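Chain by chain, the residues run as shown.
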Amino acid sequence: MQELLQYFFSGITNGAIYAVIAIGFSMLYNSTELINFAHGEFVMLGSMCMITFVGVMHLPLMPAIILAIACVTAAGLLFERLAIRTVKHPEHIVLIIITVGASIFLRGAGMIIWGKDAFSIPPFSSHPPLDIHGAKLLAQSIWIIAIFLLTSIGLQLFYKKTLTGKAMEANAISKRAAWIVGIPSRLMVTLAFGLSAAMGGVAGVIISPVTMCSYDMGTMIGLKGFCAAMLGGLGSLWGALIGGFLLGILEAFGVGFVSSGLKDATAFLLLLFILYVRPGGIISSVDVKRF
Amino acid sequence: MLTITTCHPLKRIITLVVACLIITSPALAESGKAPYKIGGIFAVTGPSSMLGDPEKKSMELAVEQINKAGGVDGHMLEAIIYDTEGDPSKTVMGASKLINKDNVMAIVGPSLTPTTLAVMPMIQKAKMPFISCAAGNKIVQPVDPWVFKTAQSDIMAVATIYGNFKAKNIKKISIITVANAFGESGKEQLRAQAPSFGLTILKEETFGATDTDMTAQITKIRQDNPEAIVCWGTNPGPAVIAKNIQQLGLNIPLYQSHGVASPKFIELAGSAAEGVMLPTGKILVAGLLPDTDPQKKVLTAYMADYKNKFNTPVSGFGGYAYDAVNILAAAMKGSNGDKEKIRAGIENTKGHVGISGIFNFSPTDHNGLGQDAFVMVKIVNGKWELMK
């Protein structure tokens, strides 16, 4: 029982992080049908900004978090303005390759700015871990889950209650129809880029005390987030949540009951299986097209 | 008139050639002998740059010092260094450039075991004296006549840790290793040497090099209460493990490998580094060594020179390249650039006091280090402390 709980805690902590990243992927896909392979690098930027603001400049926690997320959002907007909007023939494959290029560029820039070493910052609060039936729930895990809940509730409210959010959703459903009723679709795309990058920033911020941050951390974690988004159903907010948690918990139980050497394999095998049974993911909101 | 105009260009060419000869000849006369070219291939950038960067710098430092002292038999050394980025295919490209284009006499590096293994077939074919800076045992076992290495091997690191267990009467351990060549090689040795020290390995777990959380593995290890945990990996993974062990409130001593023997580990793990024990080369604790230690003088001189030249504190890894270049330069003496003679010279090196230990090479031992190359240290109050 104690082990089971511990695996579960480990799983939901990682799962919340994967879910936040998956939401970023889904959000952008919804508005632009684009997979941003530089998304993992936005996570890296978020973490490294936290390292700079907390570890080097010793800012208080809240301003540091807000500043870090703002920086990543700005980077996302800049990326859209400079690399995506300027493309003459915006075909999907071209844009996707641009995002791959951007990820390499951002990793290189990260290496030049922060160096090649790994860094770490202390947890957000120094409470001792909670003891639940012998299993330890870390204070940072509670922070991660709380921040994750806040962002997803915030996003849900934004999409359902505000005019801008509704306009974004309309634009995602049908660009043409949205254009006819007077929604500025280009602005919506820019906004989607900014929000998606901000989600990457959030993931980077909450993960920075848990793990060791370095310029090359984005690739693997981005890939895991992408898998989570695929697993849940690309383009769906709920799908991203379910996919993220499922992947995290599967990984933890894979370690516990199968073998730590097969950790990634267990999770990815299940992913393959689910995609085989339900090609659109668990919650399939989009029609699946084959290339 | 006509004769002059046709003659003029020719004259000009002749003057040019003569001028060229005049300009270049003093340079030739000054150095006297052509420089000896030696190649270096290190992971200067990329994820393993913490190894390759200090190695490159140390090679430059060693070459500069040797040249200042008059070179090798009057020949200056010239280092040609390529970056491998820790990538085996780039390493092979770099090595082939060194062999075919630059015509070097010997090669130092690469920094990693996988990259070293990737270039070894090529080295054997080219009959090139080759001193690797990587740690894996597979490099020198079985012995290849042309391949040497200066880094301490896992065998000695494991033996040093296990010796400590024996002294403390620890019998049951669990191990957790990183899922890459370094971890696999460590796991192999941990398994192989356990019986001879009377140890039982209860659990063997692994972790990914960039994983963010290892509490699941540690929970699994905790189930059967081992007397000690041995973690085998390079930063940052082992620091995450130290943190997770602290967070889960485990009261089991943690032993790390020499792969994290750098101040960076203490910085990353923070308070979780307290009480962690690990084997390390003597460079990390040079200041704590007794004056009778034969390596102390060499170590302190190298550390001071490195700091003066590059204005960064010394790393534990640069010494591999520094030793390699010095051993190579000694072996080149009297070889006249003959590769077979250089090779034999390295193989016959005896009692070379280096950074990583005292080297005694032989036809059956191409690493040349003994058990004394490692000491056990413990982290106390964020500082290294020598263990007896």
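Here the structure is a predicted model, which is why all the values come from computation and not from measurement. (Residues numbered from 1 in each chain as written. Chains lettered and ligands numbered in written order. Predicted model: local features only at pLDDT ≥ 70, side-chain atom pairs only at ≥ 80, totals over all residues. Heavy atoms only, no water.)

With respect to the overall build of chain B
Heads up, the rule is: Here a helix means four or more residues in a row that DSSP labels H or I, a strand means two or more in a row labelled E, and each is numbered from the N terminus. Between buried and exposed lies partly exposed: a residue is buried under 20% and exposed over 50% of the maximum accessible area for its type, with that area taken using a 1.4 Å probe on protein chains only. Working rule for contacts: check all heavy atoms of both residues, and any pair within 4.5 Å makes them a contact. The Shrake-Rupley method, run with a 1.4 Å probe sphere, supplies the accessible areas, and residue values consider only the shown protein chains as cover. The convention is simple: Lys and Arg are positive, Asp and Glu are negative, and His and the chain ends are not counted. Throughout, a charge is located at the NZ atom of Lys, the CZ atom of Arg, the CG atom of Asp or the CD atom of Glu.
Across its full length, chain B holds 12 helices and 14 strands. Counting only C-alpha atoms, chain B reaches 105 × 40 × 40 Å along its principal axes. Relative to its 388 residues, chain B shows a buried fraction of 55%. The long-range share in chain B, meaning contacts at least 24 apart out of those at least 6 apart in sequence, stands at 67%. For chain B, the exposed area adds up to about 16,200 Å²; of that, 59% sits on carbon and sulfur atoms. Across chain B, the centroid of the 38 positively charged side chains sits 2 Å from that of the 33 negatively charged ones.

Regarding unusual backbone geometry
All names here are of chain B. The omega angle of the peptide bond from G109 to P110 is -5 degrees, so this bond is cis rather than trans. Tracing the sequence through the fold places P110 in the loop between β3 (106-108) and α4 (113-126). Geometrically, the link from Q141 to P142 is a cis peptide bond, its omega value of 5 degrees lying close to zero. One can find P142 in the loop between β4 (130-132) and β5 (147-149). Phi at K127 is positive, roughly 50 degrees, even though this residue is not glycine. For K127, the position within the fold is in the loop between α4 and β4. Phi is positive for N381, close to 50 degrees, though the residue is something other than glycine. In this structure, N381 sits in the loop between β13 (374-380) and β14 (383-386). Assessed through its relative accessible area of 65%, N381 is described here as exposed.

A look at the sheet that holds β5(B)
Residues and elements named next belong to chain B. Cut-off, in case you're wondering: Criterion used throughout: strands pair if DSSP finds at least two bridges between them. As a rule, the C-alpha atoms of each element are fitted with a line to give its axis, helices using only the stretch in contact, and angles between N-to-C directions run from 0 to 180 degrees.
A sheet is described by the order of its strands in space; here five strands give the open sequence β2-β1-β3-β4-β5, paired in parallel fashion. Among the strands making up the open sheet, the edge pair consists of β2 (77-83) and β5. For this sheet, the mean inter-axis angle between neighbouring strands, taken without regard to orientation, is 25 degrees. Pairing of β3 with β4 involves two bridges; the strand directions are parallel. For V108, the partnering residue across the bridge sits in β4 and is I131. The sheet strands contacting helix α3 (residues 88-101) are β1 (36-42), β2 and β3, and the helix crosses β1 at an angle near 175 degrees. Against the sheet, α4 engages β3, β4 and β5, with an angle of about 175 degrees to β4.

Here's the deal with the nonpolar core
The test is simple: By nonpolar core is meant a set of buried Ala, Val, Leu, Ile, Met, Phe, Trp, Tyr and Cys residues that side-chain atoms within 4.5 Å join together.
Ranked by size, the top nonpolar core spans 78 residues in total, and within it I23(A) and M50(A) carry the most contacts. In contact with I23(A), not counting residues within four places along its chain, are F148(A), L155(A), M199(A), L237(A), A240(A) and L241(A). Core analysis: the next-biggest nonpolar cluster, separate from the first, contains 67 residues, L61(B), M105(B), V108(B) and Y255(B) among them.

Side note on the environment of I38(B)
As for its placement among the helices and strands, I38(B) is situated in strand β1. In this structure, I38(B) is in contact with M59(B), V63(B), L77(B), E78(B), A79(B), I80(B), V104(B), A106(B), V325(B), L328(B) and M332(B), ignoring residues within four places of it in sequence.

Some words on the side chain of H75(B)
Residue and element names in this part refer to chain B. Note the cut-off: Polar contacts, as used here, are pairs of N or O atoms within 3.5 Å; protein pairs need one atom able to donate a hydrogen and one able to accept it. Residues neighboring in sequence count only if both atoms are side-chain atoms.
Relative to the elements of secondary structure, H75 occurs in the loop between α2 (49-68) and β2. Among the residues examined, H75 registers a relative accessible area of 12% and is labelled buried. A distance of 2.7 Å separates the side chain of H75 from the backbone oxygen of A34, its partner in a polar contact. Once residues lying within four places of it in the same chain are set aside, the contact partners of H75 are K33, A34 and Y36.

Here's the deal with the pattern of salt bridges
Residues and elements named next belong to chain B. Applied cut-off: By convention in these notes, a salt bridge is any Lys or Arg side-chain nitrogen within 4 Å of a carboxyl oxygen on Asp or Glu.
For the structure shown, the criterion picks out 21 salt bridges over all chains. For K90, the salt bridge is made with E85, and the minimal N-O distance between the two is 3.1 Å. Looking at E85, the relative accessible area reads 35%, which means it is partly exposed. E204 is paired through a salt bridge with R191; the nearest N and O atoms lie 2.7 Å apart. With E204 in strand β7 (residues 200-207) and R191 in helix α6 (residues 181-193), this residue pair connects regions lying 13 residues apart in the sequence. Taking relative accessible area as the criterion, E204 reaches 34% and is therefore assigned partly exposed. One network of salt bridges, with partners in common, ties together E64, K68 and K309.

As for the environment of V72(B)
Its place among the elements puts V72(B) in the loop between α2 and β2. Residues V72(B) and L288(B), 216 residues apart in the sequence, show an inter-C-alpha distance of 34 Å.

Let's talk about the packing of aromatic side chains
Stated precisely, the cut-off is as follows: Only the six-membered ring of Trp is used, alongside the rings of Phe and Tyr, when aromatic pairs are assigned; centres must lie within 6.5 Å, and planes under 30 degrees apart are stacked while those over 60 apart are edge-to-face, with the rest tilted. Whether a charge sits over a ring depends on NZ of Lys or CZ of Arg being within 6 Å of the ring centre and within 35 degrees of the ring normal.
Under the definition given, this model contains 21 aromatic pairs over all chains. A centroid spacing of 5.6 Å and a plane angle of 55 degrees characterise the contact between F37(A) and F226(A), whose relative ring orientation is tilted. Placement of F37(A) in the loop between α1 (2-32) and α2 (39-56) and of F226(A) in helix α9 (residues 218-232) is noted, with a sequence separation of 189 residues between them. Given a relative accessible area of 33%, F37(A) falls into the partly exposed group. One aromatic cluster is present, formed by Y162(B), F165(B), F197(B) and Y255(B) through successive ring pairs. Taking NZ or CZ as reference, K97(B) lies 4.5 Å from the ring centre of Y82(B), over its face.

Description of the pairing of β13(B)
Strand residues, when the strand is regular, have side chains that alternate between the two faces of the sheet. Residues and elements named next belong to chain B. Where burial is concerned, most of β13 is hidden: five out of the seven residues are buried. The pairing of strand β10 (residues 277-281) with β13 spans five bridges and is antiparallel. Bridge pairing links G281 to F374 in β13. The pairing of β13 with β14 spans four bridges and is antiparallel. Each bridged residue has a counterpart across the sheet, and for K378 the counterpart in β14 is E385.

Focus: the domain arrangement of chain B
Residue and element names in this part refer to chain B. As a reminder, the rule being used: All domain edges in this entry derive from an automatic or database-based domain assignment. A simple way to read buried area is as the amount of 1.4 Å-probe accessible surface that goes missing from two parts once joined, with both sides added.
Under the domain assignment, chain B is made up of domain 1 (36-153 + 293-370) and domain 2 (155-286 + 374-386). Its C-alpha centre places domain 1 at a distance of 28 Å from the equivalent point of domain 2. Residue-level contacts link 22 residues of domain 1 with 15 residues of domain 2. The three residues of domain 1 that bury the most area against domain 2 are N137, Q152 and S153, which together make up 30% of that side's buried surface. Applying the counting criterion to the domain 1 and domain 2 interface returns one salt bridge. Put simply, D293 and K282 hold a salt bridge, and the shortest N to O gap is 3.2 Å. Along the contact surface separating domain 1 from domain 2 lie five residue pairs in polar contact (both at pLDDT 80 or more).

Examining the interface of chain B and chain A
The interface of chain B with chain A comprises 27 residues on the first partner and 34 residues on the second. Taking both sides of the interface into account, the surface hidden between chain B and chain A amounts to around 2,500 Å²; carbon and sulfur atoms contribute 52%. Area buried by chain B at its contact with chain A is led by T212(B), K220(B) and Q247(B), which between them contribute 20% of it. Our enumeration of links across chain B and chain A arrives at zero salt bridges. On inspection of chain B and its partner chain A, the count reaches six residue pairs in polar contact (both at pLDDT 80 or more). Going through the elements one at a time, β7, α7 (215-222), α8 (237-247) and α9 (263-269) of chain B are the ones with two or more residues in the side of chain B that touches chain A. In terms of residue count, the dominant contributor to the side of chain B that touches chain A is α7(B) (six residues).

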